[in-house]
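Residue-level structure breakdown
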Amino acid sequence: MNIRKIALSLSLAAAAAAFSAGARADALDDVMKAKVIRIAVPQDFAPFGSAGPDLKPVGYDIDMANLIGKELGVKVEVVPVNSANRIPYLQTKKVELVISSLGKNEEREKVIAFSNAYAPFFQGVFGLKDAKIAKPEDLAGKTVGATRGSIEEQEITKLAPPTATIKRYEDNNATIASFLSGQVDIIATGNIVAAAIAEKSPGRAPVSKFVIKDSPCFVGMNKGEDKLLAKVNEIIAKAKADGELNKISEKWLKAPIPASI
Amino acid sequence: MKFALNFSDLLPYWNVILAGLIFTIVLTAVSTVVGVALGTACAWARTFGPTWAGAIVRGYVEVIRNTPFIVQLFFIFFGLPALGLKLDETTAAFLTMVINLGAYSAEIIRAGIKAVPAGHIEAGDSLAMTRFEIFRHIVLKQAFQKVYPALSSQIIIVMLGSSVVSQISAEDLTYAANFVQSRNFRAFEVYVVAALLYLLLAIVARFILRGVGRLAFPKG
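Okay, so let's go over this structure. (Residues numbered from 1 in each chain as written. Chains lettered and ligands numbered in written order. Predicted model: local features only at pLDDT ≥ 70, side-chain atom pairs only at ≥ 80, totals over all residues.)

1. Comments concerning helix α6 (residues 151-159) of chain A
Residues and elements named next belong to chain A. Applicable threshold: The burial label depends on the number of other C-beta atoms within 10 Å of a residue's C-beta. Counts of 20 or more mean buried, 12 or fewer mean exposed, and intermediate counts mean partly exposed, with C-beta atoms placed from the backbone. Helix and strand definitions follow DSSP, with helices as H or I runs of at least four residues and strands as E runs of at least two, each counted in order from the N terminus. Within this analysis, the arc is defined by the directions that extend from the helix axis to the C-beta atoms. With C-beta atoms placed from the backbone, a contact is any residue pair whose C-beta atoms sit within 7 Å.
Taken together, the buried positions of α6 are occupied by Glu 152, Glu 153 and Ile 156. Here the buried residues of α6 occupy an arc of 100° about the axis, which is enough to place them on one side. Packing partners of the buried residues in α6 comprise β8 (122-127), β9 (143-147), β10 (165-169), β11 (186-190) and β12 (207-214).

As structure tokens, then:
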């Protein structure tokens, strides 16, 4: 495609977007009519979405996409995306929804709309199941492992009381090894890393004690699709109430949905 | 390309770097003394000791001299807990350093022992010296004299190699440099300072080792 063609298609897309915002029918109506919903899912971010044994994407987000499809009673067409192109896919109407471990921030909120949170994503302090730790002060006199330079390491350095010892390791693998070998019983890390440890070593699974930085995942869609937004929120609320969401979380993140979601 | 050097960003962390420097000095000093003692004992076992002791030492030396230091360190820190032996990172760092220097110095000292002429030992025998006296006054003294430069180099190598212990969160000079770098992102300045400190340490260590050598083995 040459520059002129790109420029032409871009201006056409812009014109179409401007036009359709006013005149077009709601995306939810289109989906119900076509009996298919297109959902962008991650392809390179386990356990949210990665290539399965048959190269089809599998993960938390794919299960979530299928759940929404089932509730709507339509077929799901998953579209693998990466974190750079997931919002453009939505804006250019290649998909109706983005379920791609998408976090909320101000810039994104300017261009797309977000549902309620459907998946936990946070950095926190994790320990053995029966360790009594609920807040940073409880770390007094204890040893915490973390990966040097990571957000959680910098935050826990500020939060932990002076009597706590922080062991800083070179990378996530060393932090994981220090926890698995019993060199430390408490680690500050992301819930995805904790889930990976729990998967490999169920006997020594790290359990979330408190959250350092919370940035849960939301379903993204175009602005102005209020009916679709309401419907997605309704499905998430129902899945939360009947335990479907918890099942997905236990399956992929080895932990129940936290109360904050 | 414009790049402004800014060493003043390191100032708030001077105590971190100083603590790391002290740890590296203590780590090197202790492992030098204990490691060379271990090496001497091993060299004795392989030359004058019983056959079984020689065989054990031979195995130990082969294993340590033919595996990377970092693997030995990870095995002791991450591996041994699986066998029920949990050492904290400081103990693991000291232990690995001693074991490593012990194996290398054993071979260096053994070379020195081999270079002692048999006639000198026989002379000790004919003077009715005990086996220990012969080893201490005739063999070891000459052996150390001969291999002292090689042994000094090995100690410097081990000191520089000690930077690896930062990988198991032992808080040495390299750990301090990595830590400061993760806070102020002044990689160039931090590692220039760390490199200069290591250089300074190596020069001072050589100076001290030469002094010790002059005192212990005076010429003539």
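2. A word on the sheet that holds β12 of chain A
Backbone-to-backbone hydrogen bonds join strands into a sheet, with any given pair of strands oriented parallel or antiparallel. Residue and element names in this part refer to chain A. We count it as follows: Whether two strands pair depends on DSSP finding at least two bridges between them. Interaxial angle, 0 to 180 degrees, is taken between N-to-C directions of lines fitted to C-alpha atoms, where a helix line uses only the stretch in contact.
In spatial order, the strands read β10-β9-β11-β8-β12; together these 5 strands make up an open sheet with mixed pairing. The strands lining the two open edges of the sheet, one partner per strand, are β10 and β12. This sheet shows a mean twist of 25° between the axes of neighbouring strands, independent of strand direction. The pairing of β8 with β12 spans 6 bridges and is classified as antiparallel. Paired with Val 125 across the two strands is Phe 210, which belongs to β12.

3. Remarks on the sheet that holds strand β7 (residues 112-119) of chain A
All names here are of chain A. Pairing within the open sheet is mixed, and its 5 strands lie in the order β5-β1-β6-β13-β7. Strands with a single pairing partner mark the edges of an open sheet, and in this sheet they are β5 (75-81) and β7. On average, adjacent strands in this sheet sit at an angle of 25° to one another, irrespective of strand direction. With 7 bridges joining them, strand β1 (residues 36-42) and β5 adopt parallel strand pairing. By the bridge assignment for β5, Ala 40 is matched with Val 79. Relative to β7, helix α9 (residues 226-241) is tilted by about 5°, and along the sheet it contacts β7 and β13 (217-222).

4. Section: the pairing of β10 of chain A
Looking down a regular strand, the side chains alternate between one sheet face and the other. All names here are of chain A. Stated formally: The path from the first strand over the helix to the second decides the hand: if it runs clockwise while the strands point away from the viewer, the crossover is right-handed.
Note that β9 and β10 share 5 bridges and pair parallel. When the sheet's bridge partners are listed, Ala 146 is paired in β10 with Arg 168. With α6 bridging β9 and its parallel neighbour β10, the resulting β-α-β unit is right-handed.

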